[in-house]
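Residue strings, one per chain:
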Amino acid sequence: MNGWKILCGTAIALPQSNIDTDQLIPARFMSQPRSEGYGDFLLYDVRKAQQGHPLDRSAPKVLVAGRNFGSGSSREAAVYALVDYGISAVFAPSFGDIFAGNAVNNGLLAAQIDEDVAATLIADMGEGACKAEVDLISGRAIIAGHDIAFDLDPVRRQKLINGWDDIDLTAQYSDQIKTYRAAHVATRPWATPEI
Amino acid sequence: MSAERTLLDKLWAAHEILCREDGTSLLWVDRHLVHEGSHHAFAKLADRKMTVAEPALTFGVVDHYAPTRAGEVAPDIRRMIKTLGKNARAAGIKLFDLHDPAQGIVHVIGPEQGLTLPGMLVNCGDSHTSTHGAFGALAFGVGATEVAHILATQTIWQKRPKTMRITFDGVLGAGVTAKDMALHWIAALGADGAQGYAVEYAGDAVRALSMEGRMTLCNLSIEGGARMGMIAPDDVTFAYLEGRPAAPRGKVWQAALADWHALHSDIGASFDRKEYFDADTIAPTVTWGTSPEEALPITGHVPRDNAAKNIHATLEYMGLEAGMPLSQIAVDQVFIGSCTNGRIEDLRMAAKVLEGRRTVVPGLVSPGSMQVKKQAEEEGLAQIFVQAGLEWAGAGCSMCVGMNGDLVEAGKRCASSTNRNFKGRQGRGARTHLMSPAMVAAAAVTGRLTDVRPLLEGRI
Ligand code: SF4
């Protein structure tokens, strides 16, 4: 995975709150291998139900959405759909915990902003597309002319910037894992399954 | 730091291999459960030419795509099930395949087989892994990249969540269940109310719940935003587990009990947040909207738009009118099942309502596991469902998510014992109302959302 620091592109607003992962990618698409690309599945039913959905009118890199974005199912396919569609950053007042973790693991920024900042942005942006610039280092973004600060866990920031992969990171701790495992098995014999 | 520790503190400390300078911990995973959705993770592993680190601690089960009715199985569903089988066999992972007498929904069979035990860390690539916390385990759902990481290392990187204790004092009324407790707190705190917290449930009304009820409560933690829910184990927990196939026996069981008795929050332990609810005041609760937070007592009315919340689009999707009594909402069909409410006790409650009555709308009952199915048939529950006019199906996720083809048609309204009323969750355009299995049974009998309490009089 490649890291990134600065992002320039267009942004659109999705004013709804609770845009859950079932909406982001309906379950019926999830048996596809990733290699075929998940971009078309993004908000599939929502887009089909609404003529001229903002997503279909521009090719945004940035989304601004209502609270509790990505709640629900742990399906990482929701992040695949966003990333394959070309989205690199989502701004919202809150995110589903599992979604936020999945996002970082795929280079997608899930940036937390104040609820009133989100409301102002969403109102100003309307249904159109606007310019956006996101800076991971400073933790600031300019969207639709508003200069906003966003919250991002420092660990996640580092992962996004460097494109770090957890499996590689963990390899350097393999001795500690071995030591822990030996002690854990010895002191908790009941944790070893009988079947 | 104070000497008094929370249950989370104890579980965390027992699994922490190391804590990086940035505050992220590497945790040991005691049980890793995988289902058909793991194909992305296995593909990642194969890409890196890596193998499964601890196959003996990893268990596979067919549930999301499991066919629950006779007939042709679509090729992509067959492929998903076959892929899991192939991956499990190649890695040497025990698989509860279709037709295995222990097959069922991952969060039902984990506890049922004794794979889930107090004091464990349980992970699964599924958000309702919070269910297993009912045993006093640290249990949370993870995404595909994390599944791959666990497969490769049997560990997971995690930041320690904040702690929230939700206390339910008092006694639940007759016909009011753990499902109602969960919908009640989620409606009060919001679908993101517990985001960033590990929830511990406490109080007399929680202690009084069976393991089935506790699992329902912990299961729904994620619908309130909490990745984990947990309940300190007690004699109810131990009695449930003793003798389960994978549970320890003899001396090891005794050693386990000694360890497990320490698994509770110490008196005086401090929580980042505490919430209190009164169980006596909780009524049977139903959802009217497209988020689990949009829930109200069955005696209530569909809300109206207000300045704080525009619900116009939601009401349009749901086909409801603002201000109408919830008890006037007519349903087209019902569903009883899922990892939330597909256990034996759930089926017993529904059967209590349905016994000797006829349903006026069609419906599907899918037991949470083959074991639950067998038991329900032995107890005569299956017969009650069929005589009432419902379809008795096989075990799996079924109509909770519709991946196996058990779908609610667009525009149809379903009273459902599941966990998500999201747009399109049960099928494109489907309208879902969440409620307890007893309430689903009541809706089946009357054809509309109905207070189950009068229907249960003299029966419980
Ligand atoms: S029953 Fe529903 S919520 Fe539970 S694991 Fe299956 S699909 Fe997920």
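Quick caveat: nothing in here was measured; it's all calculated off a predicted structure.

Broken down by element type, chain B carries 17 helices and 19 strands. Computed over C-alpha atoms, the radius of gyration of chain B comes to 21 Å, within 12% of the 23 Å expected from 2.2 N^0.38 for 460 residues, which places it in the range of a compact globule. Taking the principal axes of the C-alpha coordinates as reference, chain B spans close to 55 × 55 × 45 Å. Counting across all 460 residues of chain B, residues that qualify as buried make up 65%. Considering only residue pairs separated by 6 or more positions, chain B has 75% of its internal contacts joining residues 24 or more positions apart.

Another point: the interface of chain B and chain A. Every contact between the two is made by 75 residues of chain B and, on the other side, 55 residues of chain A. Of the roughly 5000 Å² buried at the junction of chain B and chain A (both faces included), carbon and sulfur atoms supply 55%. The tally of links between chain B and chain A comes to ten salt bridges. Across the pair Asp45(A) and Arg428(B) runs a salt bridge, and its minimum N-O distance is 3.2 Å. It is helix 5 (residues 144-153) of chain B that provides the largest number of residues to the side of chain B that touches chain A, a total of seven residues. Across the side of chain B that touches chain A, the residue classes break down as 34 nonpolar, 18 polar and 23 charged.

Let's shift gears to the packing of helix 6 (residues 178-189) of chain B against helix 8 (residues 211-219) of chain B. Residues and elements named next belong to chain B. Where helix 6 contacts helix 8, the axes come no closer than 8 Å and their chain directions differ by 20°. With respect to helix 8, the axis of helix 6 lies roughly parallel. For the pair helix 6 and helix 8, the sense of crossing is right-handed. Two secondary-structure elements touch here, helix 6 through Ala178, Lys179, Met181, Ala182 and Trp185 and helix 8 through Gly213, Thr216 and Leu217.

All names here are of chain B. Parsing chain B into structural domains produces domain 1 (7-274) and domain 2 (287-456). If you average the C-alpha positions of domain 1 and of domain 2, the two centres end up 24 Å apart. Counting residues at the interface gives 40 residues for domain 1 and 44 residues for domain 2. At the boundary of domain 1 with domain 2, total buried surface from both sides reaches about 3300 Å², with 58% on carbon and sulfur atoms. Taken together, domain 1 and domain 2 are joined by three salt bridges. Joining domain 1 to domain 2, the criterion identifies 24 residue pairs in polar contact (both at pLDDT 80 or more). Taken together, the elements giving at least two residues each to the side of domain 1 that touches domain 2 come down to helix 4 (106-112), helix 6 and helix 8. Here the side of domain 1 that touches domain 2 is built from residues that sort into 16 nonpolar, 16 polar and eight charged.

If you walk through the whole model with that rule in mind, you get 31 salt bridges over all chains. Where Glu76(A) meets Lys44(B), a salt bridge forms, and the shortest distance between an N and an O atom there is 4.0 Å. One end of the pair, Glu76(A), is in the loop between strand 2 (62-65) and helix 4 (77-85); the other, Lys44(B), is in helix 2 (residues 39-47), on a second chain. The buried category is assigned to Glu76(A), whose relative accessible area is 3%.

A separate point is the sheet that holds strand 15 (residues 333-336) of chain B. Hydrogen bonding along the main chain pairs the strands of a sheet, whether they run parallel or antiparallel. Residues and elements named next belong to chain B. Read from one edge to the other, the open sheet built from five strands follows the order 17-16-15-18-19, with strand pairing classed as parallel. Each having just a single partner strand, strand 17 (391-392) and strand 19 (431-434) make up the two edges of the open sheet. Relative to strand 19, strand 18 (residues 413-416) runs parallel, the two sharing four bridges. Across the sheet, residue Cys414 finds its bridge partner in strand 19, namely Thr432.

On the secondary structure map, Glu293(B) appears in the loop between strand 13 (285-287) and strand 14 (295-297). According to the relative accessible area criterion, Glu293(B) is buried, its value standing at 11%. A polar contact of 2.7 Å, which involves the side chain of Glu293(B), links it to the backbone nitrogen of Ala191(B). Beyond its immediate sequence surroundings of up to four residues, Glu293(B) is in contact with Asn18(A), Arg67(A), Ile186(B), Ala187(B), Gly190(B), Ala191(B) and Lys309(B).

To continue, consider the packing of helix 13 (residues 344-354) of chain B against helix 15 (residues 381-388) of chain B. Residues and elements named next belong to chain B. Between helix 13 and helix 15, the shortest axis-to-axis distance is 9 Å and the interhelical angle comes to 45°. As summarised for this structure, helix 13 and helix 15 are arranged oblique, according to the angle between their axes. Taken as a pair, helix 13 and helix 15 cross one another with a handedness that is left-handed. Residues Ile344, Leu347, Arg348, Ala350, Ala351 and Leu354 of helix 13 touch helix 15, and the partners they reach there are Leu381, Ile384, Phe385 and Ala388. Tallied by class, residues from the contact of helix 13 with helix 15 come to nine nonpolar, no polar and one charged.

All names here are of chain A. Spatially, seven strands are ordered 4-3-2-1-5-6-7 in an open sheet, and the strand pairing comes out mixed. Edge positions in the open sheet fall to strand 4 (109-112) and strand 7 (146-149), since each of these has one partner strand only. Here the strands of the sheet are splayed against their neighbours by 25° on average, with no regard to which way each runs.

This part takes up unusual backbone geometry. Notably, Asn18(A) is not glycine yet its phi reads approximately 55°, a positive angle. Within the secondary structure layout, Asn18(A) lies in the loop between strand 1 (6-14) and helix 1 (21-24). Using a relative accessible area of 8% as the deciding quantity, one classes Asn18(A) as buried. For Ser398(B), which is not a glycine, the phi torsion comes out positive at approximately 50°. Mapped onto the elements, Ser398(B) comes out in the loop between strand 17 and strand 18.

What counts and how
Residues numbered from 1 in each chain as written. Chains lettered and ligands numbered in written order. Predicted model: local features only at pLDDT ≥ 70, side-chain atom pairs only at ≥ 80, totals over all residues. Heavy atoms only, no water. Helix = DSSP H or I, 4+ residues; strand = E, 2+ residues; numbered from the N terminus. Rg over C-alpha atoms; globule rule 2.2 N^0.38 Å. Buried < 20%, exposed > 50% of the residue type's maximum accessible area, 1.4 Å probe, protein only. Contact = heavy atoms within 4.5 Å. Buried area = accessible area lost by both parts, 1.4 Å probe. Salt bridge = Lys/Arg side-chain N within 4 Å of Asp/Glu carboxyl O. Nonpolar A, V, L, I, M, F, W, Y, C, P; charged D, E, K, R; others polar. Axes fitted to C-alpha atoms, helices over the stretch in contact; angles between N-to-C directions. Parallel < 35°, antiparallel > 145°, perpendicular 65-115°, else oblique. Left-handed = near helix turned anticlockwise from the far one by under 90°. Domains from an automatic or database assignment. Polar contact = N/O pair within 3.5 Å; in protein donor to acceptor, adjacent residues only side chain to side chain. Pairing = 2+ DSSP bridges.

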